[in-house]
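Okay, here's what each chain looks like letter by letter:
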Amino acid sequence: MIEHINGWIDETNKKFLKTRICCARFKNAFHGFYSAAFLENSFFVVTDEIPKPDFPELRALGFGDFIDMPVRGITYKNTYYIARGEEADFQLHFHELVHVAQWEHLGALNFIRRYMKEIQDFGYDKSPLETMAYGLDRHYAAGREKINVQSFVTNNI
């Protein structure tokens, strides 16, 4: 199942390759939180419909609510997808970039495995990877001191 999801992610990212936008445009807004190199290798896609893997096997495992849950953004490896109209929401971009850092630190298969287990064990709202991303995006939005997000992710996962 993990390999199937990973393949779907690769195909989805490939499908949107020509429409993705480089996150280097956020280097001033996110200075001190994300390195320039990290932002240069991170991308987002603005879309009318957030892509999610909707496999019968996932629904059978209890992920139907997650698949059907409306979201404003979702991250797959170094690319995240945001709903049209949310392009100017820097807190959303910040949040999704935390997930890019998590993917980078854990690796694709480990991220997918861990994210799925956390959703099953804790639910979306209380899953540790989401809790970390929400905590950091609130930290950013509150204008608090700058912290290196990549280091924070590495030290707290």
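This is a predicted model, so every value here is computed, not measured.

A.B. asks: Outline the pairing of strand β3 (residues 73-76), listing residues and values.
C.D. replies: Neither face of β3 is exposed, since Gly73 and Thr75 on one face and Ile74 and Tyr76 on the opposite face are all buried. Note: β3 against strand β4 (residues 79-83), four bridges, orientation antiparallel. Paired with Thr75 across the two strands is Tyr80, which belongs to β4. Linking two consecutive strands that pair antiparallel, namely β3 and β4, is a turn of two residues; a positive phi of about 60° is found at Lys77 within it.

A.B. asks: Quick rundown of the pattern of salt bridges? Include the residues and the values.
C.D. replies: This structure, assessed with the given rule, holds eight salt bridges. Arg84 is paired through a salt bridge with Asp48; the nearest N and O atoms lie 2.6 Å apart. Here the residue Arg84 occupies a position in the loop between β4 and α5 (90-106), and Asp48 occupies one in the loop between β2 (43-47) and α3 (56-60), the gap between them amounting to 36 residues. Accessibility expressed as a relative area gives 66% for Asp48, which makes it exposed. Of the charged contacts in the structure, one is a salt bridge between Glu86 and Arg72, with a shortest N-O distance of 2.8 Å.

Cut-off values and rules
- Residues numbered from 1 in each chain as written.
- Predicted model: local features only at pLDDT ≥ 70, side-chain atom pairs only at ≥ 80, totals over all residues.
- Heavy atoms only, no water.
- Buried < 20%, exposed > 50% of the residue type's maximum accessible area, 1.4 Å probe, protein only.
- Helix = DSSP H or I, 4+ residues; strand = E, 2+ residues; numbered from the N terminus.
- Pairing = 2+ DSSP bridges.
- Salt bridge = Lys/Arg side-chain N within 4 Å of Asp/Glu carboxyl O.

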